[in-house]
Amino acid sequence: MDNIEKAIRKIRNGVFVVTYVLDGKEYGITSAWVNRASFKPNMLTVSIGKNRKGYEELLDSEVFCINILGNEHLEVARHFGGSDGDNLNDFKDIVFKEGESGSPILKESVAAIECRLVKKVDAGDHVVLFGEVMDGVDNEGEAMVFNREDFPS
Ligand SMILES: Cc1cc2nc3c(=O)[nH]c(=O)nc-3n(C[C@H](O)[C@H](O)[C@H](O)COP(=O)(O)O)c2cc1C
């Protein structure tokens, strides 16, 4: 690993599951590259790999929910973060309710923020999605900090 990569890896991120629905099918993608982009209006960004399964569906659904995970939610993060995208639509053991946007709000989350997709910006091999915040739920608990060792490939 070169020094640039070593330096970049010192940026701290949380761990999130971005959920959405298209044609009655629920989707979930574990994401670490989530940030706040604006205060007024409240906007968040999510960076999604262009080749990710479910990426096109995310754009088409136009709304999504950023579920913020806590330390006790590692299994959920792993479930929706597998390298082959197999569990993208697998919600059979996942407890959730439908949010205002229709997106799944996971019971296993410390907070959830529903967004409307308002802009997308090309960023190399990823696309940065800007979501304007529609609604938010705050549950008890501390947010998880992304640690690469928790996700052996
Ligand atoms: C902790 C963690 C963080 C991740 N963060 C992102 C992310 O920010 N953006 C992204 O596109 N994929 C991210 N991924 C990868 C996706 O969750 C998932 O592995 C991918 O969608 C699998 O489908 P694929 O086979 O199409 O790559 C992350 C995975 C893990 C485990």
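So, a few notes on the structure that sits alongside this text. (Residues numbered from 1 in each chain as written. Predicted model: local features only at pLDDT ≥ 70, side-chain atom pairs only at ≥ 80, totals over all residues.)

**Notes on the overall build of the chain**
(1) Moving on: Regarding its fold elements, the chain presents 3 helices and 9 strands.
(2) Moving on: Written out in order from the N terminus, the α and β elements of the chain read α-β-β-β-β-α-β-α-β-β-β-β.
(3) Moving on: Taken against the 2.2 N^0.38 rule, which gives 15 Å for 153 residues, the C-alpha radius of gyration of the chain at 15 Å falls within 12% of a compact globule.
(4) Moving on: Expressed as lengths along the three principal axes of its C-alpha atoms, the size of the chain is roughly 45 × 30 × 30 Å. (Helix = DSSP H or I, 4+ residues; strand = E, 2+ residues; numbered from the N terminus. Rg over C-alpha atoms; globule rule 2.2 N^0.38 Å.)

**Observations concerning the site of the ligand**
(1) Moving on: Around the ligand, the structure places 19 residues, and the nearest of them are S31, W33, G49, G81 and G85.
(2) Moving on: Secondary structure elements with two or more residues in the shell around the ligand: strand 2 (25–31) and strand 4 (43–49).
(3) Moving on: Across the shell around the ligand, the residue classes break down as 8 nonpolar, 8 polar and 3 charged. (Near = placed C-beta within 6 Å. Nonpolar A, V, L, I, M, F, W, Y, C, P; charged D, E, K, R; others polar.)

**Comments concerning the nonpolar core**
(1) Moving on: Core analysis: the biggest nonpolar cluster contains 27 residues, and F16, V17, V18, I66, L69 and A112 have the highest contact counts within it.
(2) Moving on: When residues of this core are traced back to their parent elements, those giving at least two are strand 1 (16–22), strand 2, strand 4, strand 5 (63–68), helix 3 (74–79), strand 7 (104–106) and strand 8 (111–123).
(3) Moving on: If near-sequence neighbours (up to four positions away) are discounted, A112 is found in contact with C65, I66, N67, I68, G99, I105, L106 and V137. (Core = buried A, V, L, I, M, F, W, Y, C linked by C-beta atoms within 7 Å. Buried ≥ 20, exposed ≤ 12 C-beta atoms within 10 Å, placed from the backbone. Contact = placed C-beta atoms within 7 Å.)

**Considerations on the environment of H79**
(1) Moving on: You can see H79 is positioned in helix 3.
(2) Moving on: Take H79: there are 19 C-beta atoms within 10 Å of it, and that puts it in the partly exposed class.
(3) Moving on: Distance from H79 to G28, taken between C-alpha atoms, is 9.1 Å for residues 51 residues apart in sequence.

**Comments concerning the pairing of strand 8**
(1) Moving on: Here strand 5 runs beside strand 8; their pairing, made up of 6 bridges, is antiparallel. Paired with C65 across the two strands is E114, which belongs to strand 8.
(2) Moving on: For strand 8 and strand 9 (residues 126–138), the ladder comprises 12 bridges, and the chain directions are antiparallel. If you follow V121 over to strand 9, its bridge partner there is V128.
(3) Moving on: Between strand 8 and strand 9, which follow one another and run antiparallel, lie 2 residues, and G124 among them has a positive phi close to 60°. (Pairing = 2+ DSSP bridges.)

**Some details on the sheet that holds strand 3 (residues 34–38)**
(1) Moving on: Spatially, 7 strands are ordered 2-1-5-8-9-4-3 in an open sheet, and the strand pairing comes out antiparallel. Each having just a single partner strand, strand 2 and strand 3 make up the two edges of the open sheet. Geometrically, the sheet is characterised by an average inter-axis angle of 35° between neighbouring strands, direction not taken into account.
(2) Moving on: Alignment of strand 3 against strand 4, held across 4 bridges, turns out to be antiparallel. Bridging across to strand 4, V34 finds its partner in V46. (Axes fitted to C-alpha atoms, helices over the stretch in contact; angles between N-to-C directions.)

**Things to note about the environment of E100**
(1) Moving on: By the secondary structure assignment, E100 is in the loop between strand 6 (96–98) and strand 7.
(2) Moving on: Contact partners of E100, with chain neighbours within four places excluded, come to E114, M134 and D135.

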